[in-house]
Amino acid sequence: MMIDALKCFVTVVELSSLSRAAVQLEMAVSSVSRKIDALESELGARLLLRSSRHVVVTDAGERFLPRARNILAELADGKHAVQELDSEPRGLLTVTAPAAFGRLHVAPAIASFLQRYPLIEVDLHVSDDVVDLSARRVDVAVRAGVLPASDLVATWLAGMNRVVSASPAYLARHGWPASPEDLLKHQCLTVNGRVPPRGWWRFEGVNGNQPLPVKGNLRCDDTDSLLHAAISGAGIVHLANWLASDAIVAGQLVPVFPMLPIERDDVRRDTNAPAIHAVHMPGRSNQAKSQLLIRHLKEYFGSPAYWDVAMEAAGAGERRAP
């Protein structure tokens, strides 16, 4: 059976010995050798150079090894998924999310998810790096912004827009911008050291729909830090609704311009517009558990998303300069 041959190949490589692999697999050394012979014949390439004392992996073997490991891992996951069909959901899910969004919104949602499904375990990785789901064996990735074209299956979780805001103290000292163009006269907190987020300092019908060339005496490569700087009165900031909402509801920041209407389920969604999505690979054996998590995230965030509802309830959209 080819699966047995793959197990023999991977085990021999990991233990660097035919005899040690045979002991671990509870097989005769000759049987292990025959199965690897059959695998090499099937592939039409020599994977290992074998002697009585040494095993050397060929270039073809090095190239084939990660694929063999993936096949065995997928088979194990598939077997586990079949066994779970008539039982309570259990097992491991690997999840990634952007750093700030992961801390603020995904981690609490997963805590709620684990209360509902206590036999599931979650490895949550929060990072602004966009990871390869296949290479890292990630089950679900939460992504903020515009999704690039790919073969991943995407589920829309929440709308995303940016809010221009500043602390009441900053506005009291420096005045209230009457229009986006007035931002050019203010201290604006900007991103430094990486490509600015899409929509950063961009306003419909202003500056040819290109970002305004705002300036300020504070630049940072972390938007969460810019949020706290704005709360402290350092300047005006242009942040995602999900990041600014708590500070706006608390009155620590004030929206400078009227906020956009919150997006509801019956609003047509522009696939090119920034949003929060959950993505997963099609056909993965963990797909049933992944769908459970994605449905829970969608339910937990709500429609409209709870951060937008909170700002609307606080009357943030109606605030104006005195």
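Residues numbered from 1 in each chain as written. Predicted model: local features only at pLDDT ≥ 70, side-chain atom pairs only at ≥ 80, totals over all residues. Heavy atoms only, no water.

**Observations regarding the overall build of the protein**
The helix and strand inventory of the protein stands at 11 helices and 12 strands. Classification of the 322 residues of the protein by burial places 43% in the buried group. When contacts within the protein are restricted to residue pairs at least 6 apart in sequence, long-range pairs at least 24 apart make up 74% of them. Approximately 17,000 Å² of the protein is accessible, and the part contributed by carbon and sulfur atoms is 52%. (Helix = DSSP H or I, 4+ residues; strand = E, 2+ residues; numbered from the N terminus. Buried < 20%, exposed > 50% of the residue type's maximum accessible area, 1.4 Å probe, protein only. Contact = heavy atoms within 4.5 Å. Areas by Shrake-Rupley, 256 points an atom, 1.4 Å probe, with all protein chains shown as cover.)

**Details of the packing of helix α8 (residues 223-231) against helix α9 (residues 241-249)**
Their axes nearest at 11 Å, the elements α8 and α9 cross at an angle of 25°. With respect to each other, α8 and α9 are oriented roughly parallel. Every pair of crossing elements has a handedness; the one defined by α8 and α9 is right-handed. Across the interface between the two elements, Thr 223, Asp 224, Leu 227 and Ile 231 of α8 pack against Leu 243, Ala 244 and Ala 247 of α9. Looking at side-chain class alone, the contact of α8 with α9 contains five nonpolar, one polar and one charged residues. (Axes fitted to C-alpha atoms, helices over the stretch in contact; angles between N-to-C directions. Parallel < 35°, antiparallel > 145°, perpendicular 65-115°, else oblique. Left-handed = near helix turned anticlockwise from the far one by under 90°. Nonpolar A, V, L, I, M, F, W, Y, C, P; charged D, E, K, R; others polar.)

**Some words on the sheet that holds strand β7 (residues 162-166)**
Taken in spatial order, the three strands line up as β10-β7-β11 in an open sheet, and their pairing is antiparallel. Each edge of the open sheet is held by one strand with a lone partner, namely β10 (237-240) and β11 (254-255). Helix-sheet contacts for α9 involve β7, β10 and β11, and the interaxial angle to β10 is about 110°. (Pairing = 2+ DSSP bridges.)

**Points about the packing of helix α2 (residues 18-25) against helix α3 (residues 29-43)**
Interhelical geometry of α2 versus α3 gives an angle of 105° and a closest axis separation of 8 Å. Between α2 and α3, the interaxial angle falls into the category roughly perpendicular. Contacts between α2 and α3 involve Leu 18, Ser 19, Ala 22 and Leu 25 from the first element and Val 29, Val 32 and Ile 36 from the second. A breakdown of the residues in the contact of α2 with α3 according to their chemical character gives six nonpolar, one polar and no charged.

**A closer look at the pattern of salt bridges**
Once the charged atoms of two side chains with opposite charge are near each other, the side chains can pair. The final tally for this structure, using the stated rule, is seven salt bridges. Ionic pairing is found between Glu 40 and Arg 46, a salt bridge with its closest N-O pair at 3.8 Å. Through salt bridges with shared partners, a single ionic network connects Asp 37, Glu 40, Arg 46 and Arg 50. (Salt bridge = Lys/Arg side-chain N within 4 Å of Asp/Glu carboxyl O.)

**Some words on the sheet that holds strand β3 (residues 91-97)**
With mixed pairing, five strands are arranged side by side in an open sheet as β4-β3-β5-β12-β6. Each of the sheet's edge strands pairs with one partner strand only, and the pair in question is β4 (120-126) and β6 (153-159). Shown here is a sheet whose adjacent strand axes are inclined to one another by a mean of 20°, direction ignored. Together, β3, β4, β5 (140-145) and β12 (275-280) form the strand contacts of helix α5 (residues 99-116), whose direction differs from that of β4 by roughly 175°.

**Structural notes on the confidence of the model for the protein**
Per-residue pLDDT for the protein averages 86, and the proportion of residues at 70 or more is 88%. For the stretch residues 317-322, pLDDT sits under 50, and the model shows 13 contacts to residues farther than four places along the chain or on other chains. (pLDDT = per-residue confidence, 0-100.)

**Looking at the packing of aromatic side chains**
Scanning all chains against the criterion turns up 12 aromatic pairs. Both rings, one in Trp 200 and one in Trp 201, keep their centres 5.9 Å apart while their planes meet at 80°; by these two values the pair is edge-to-face. The two residues Trp 200 and Trp 201 agree in class, both being buried. On the basis of an interplanar angle of 85° and a centroid distance of 6.2 Å, the ring pair of Phe 203 and Phe 257 is categorised as edge-to-face. Placement of the pair is Phe 203 in the loop between β8 (190-191) and β9 (219-220) and Phe 257 in the loop between β11 and β12, with a sequence separation of 54 residues. Since its relative accessible area comes to 14%, Phe 203 is described here as buried. (Phe/Tyr/Trp six-rings, centres within 6.5 Å; stacked < 30°, edge-to-face > 60°.)

**Some words on the nonpolar core**
What tends to happen in soluble globular proteins is that the nonpolar side chains get buried as a cluster. Ranked by size, the top nonpolar core spans 60 residues in total, and within it Phe 101, Phe 113, Leu 183, Trp 201, Trp 242, Ile 276 and Leu 293 carry the most contacts. The element that contributes the greatest number of residues to this core is α5, accounting for six residues. (Core = buried A, V, L, I, M, F, W, Y, C linked by side-chain atoms within 4.5 Å.)

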